[in-house]
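Tertiary structure, described
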Amino acid sequence: MTKLHYKKIDGVPLTRLHLDPENPRHDPIMDEDKIVAQLFRVERVLALAKNIVQNGGISPLEAIGVIEMTDNPGHYVVAEGNRRACALKVLHDPRKAPTATARKILEPLSKQIAIPAKFSIVVFNDRTAARPWLELRHLGAQNGAGEDE
C-alpha cells in the first residue's frame, strides 16, 4: 500500500496562508504584495473574487493545498489554490488589492460576503509530495488520469 504524503487539517486561519513565491504561474516573487499584483494583472483574480461573492464562497470541491513553512511553524505556503487564496485575502481586506480601482470594486463586494475566519487545508510534506497532485490537476487529460482544462 502506498503511503500518503499529506494530511487534512481543519481550522487554519486565512492569515496563516501565504501565497507561493515560487508559483509556476509567475517568475519567483518574494513579496506577497507583488504576488497579489501579479495575480491580479495576469490571472484574473478580481473576476474570481466576484465569483466567490456571487456563489457565497469558494467551491467545496476544491481543496487548498499547502506546505508548512519550515521557518514559521503553523504557517503555510499555498501550493495549490493561490488564485483562490489571493481572492479570499483581498475580499477579507480590500486594502490588499494592488490598485485603487480594484480596491473600489472590492470594498462593496467584501461587505456582501462573510469570509470564514478559518479553512480546511491539505498539508503536503513538501513540494515533492505535492508535485504529482499538482501535475494531475494542471497538465491536462494525461490519458484519463488528469483533468481536462
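In this report, we go over the structure that sits alongside the text. (Residues numbered from 1 in each chain as written. Predicted model: local features only at pLDDT ≥ 70, side-chain atom pairs only at ≥ 80, totals over all residues. Heavy atoms only, no water.)

So, about the sheet that holds strand E5 (residues 118-124). With mixed pairing, the 5 strands of this open sheet are ordered in space as E1-E5-E3-E4-E2. Edge positions in the sheet fall to strand E1 (6-13) and strand E2 (17-18), since each of these pairs with one other strand and no more. Helix-sheet contacts for helix H3 (residues 82-92) involve E2, strand E3 (64-68), strand E4 (76-80) and E5, and the interaxial angle to E4 is about 130 degrees. (Pairing = 2+ DSSP bridges. Helix = DSSP H or I, 4+ residues; strand = E, 2+ residues; numbered from the N terminus. Contact = heavy atoms within 4.5 Å. Axes fitted to C-alpha atoms, helices over the stretch in contact; angles between N-to-C directions.)

To continue, consider the environment of Ile-35. In this fold, Ile-35 is placed in helix H1 (residues 32-43). Accessibility expressed as a relative area gives 2% for Ile-35, which makes it buried. Distance in space between the C-alpha atoms of Ile-35 and Asn-23 is 9.3 Å, their sequence separation being 12 residues. Sequence-distant contacts of Ile-35, defined by excluding residues within four places in its chain, comprise Leu-19, Asp-20, Pro-21, His-26 and Ile-29. (Buried < 20%, exposed > 50% of the residue type's maximum accessible area, 1.4 Å probe, protein only.)

Position of Ala-49 relative to the elements: it lies in helix H2 (residues 45-55). For Ala-49, a relative accessible area of 0% puts it in the buried group. Those residues in contact with Ala-49, other than ones at most four positions away along the chain, are Ala-87, Leu-91 and Leu-106.

One way to put it is that H2 packs onto H3 with a least axis distance of 9 Å and a crossing angle of 70 degrees. Comparing the axis directions of H2 and H3 gives the class roughly perpendicular. Here H2 contributes Val-45, Leu-48, Ala-49, Ile-52 and Val-53 to the contact with H3, which in turn contributes Arg-83, Arg-84, Cys-86, Ala-87, Leu-88 and Leu-91. Residue classes in the contact of H2 with H3 are distributed as 9 nonpolar, no polar and 2 charged. (Parallel < 35°, antiparallel > 145°, perpendicular 65-115°, else oblique. Nonpolar A, V, L, I, M, F, W, Y, C, P; charged D, E, K, R; others polar.)

Every other side chain in a regular strand lies on the same face of the sheet, so the side chains alternate between the two faces. Within E5, 5 of the 7 residues are buried, leaving the element largely enclosed by the surrounding structure. Examined bridge by bridge, E3 and E5 share 4 bridges and lie parallel to one another. In the strand pairing of E5, Ile-64 is matched with Ile-121.

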